[in-house]
Amino acid sequence: MMSRQEIKSEITGTVWKILTQPGQDVAEGDTLMILESMKMEIPVIVEDGGKVAEITVAEGEAIQEGQVVAIIET
């Protein structure tokens, strides 16, 4: 049975670059996207491998700390 894991932003900032897409397999430690805050680039890392079910943000979008940015099926 598959479970869904919500990936949340640890910062308030902007989505700089999305590196994955729905349907893509990802492994533990892979970078889903890169966020930008105060001119720093912060990677969003996958904690458990699985398949990207959904990317819930778009490049250039302003996001808040704790906001769900992706859903991974594990």
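The notes below deal with the structure included here.

Conventions used here
- Residues numbered from 1 in each chain as written.
- Predicted model: local features only at pLDDT ≥ 70, side-chain atom pairs only at ≥ 80, totals over all residues.
- Heavy atoms only, no water.
- Helix = DSSP H or I, 4+ residues; strand = E, 2+ residues; numbered from the N terminus.
- Rg over C-alpha atoms; globule rule 2.2 N^0.38 Å.
- Buried < 20%, exposed > 50% of the residue type's maximum accessible area, 1.4 Å probe, protein only.
- Core = buried A, V, L, I, M, F, W, Y, C linked by side-chain atoms within 4.5 Å.
- Contact = heavy atoms within 4.5 Å.

### Some words on the overall build of the protein chain
Part 1 of the reasoning: Helix and strand counts for the protein chain stand at zero helices and eight strands.
Part 2 of the reasoning: Secondary structure of the protein chain in N-to-C order comes out as β-β-β-β-β-β-β-β.
Part 3 of the reasoning: Over its C-alpha trace the protein chain gives a radius of gyration of 11 Å, about what one expects of a compact globule, namely 11 Å for 74 residues.
Part 4 of the reasoning: Within the protein chain, the fraction of its 74 residues that count as buried is 32%.

### Quick notes on the nonpolar core
Part 1 of the reasoning: Ile7, Leu32, Met33, Leu35, Val44, Val57 and Val69 are the most contacted members of the largest nonpolar core, which totals 16 residues.
Part 2 of the reasoning: Secondary-structure elements contributing two or more residues to this core are strand S4 (31–37), strand S6 (50–55) and strand S8 (68–73).
Part 3 of the reasoning: If sequence neighbours within four positions are ignored, Leu32 has contacts with Ile7, Ile18, Leu19, Thr20, Val26, Val44, Val46, Val52, Ala70 and Ile72.

Functional significance is not addressed by these values, which are geometric in nature.
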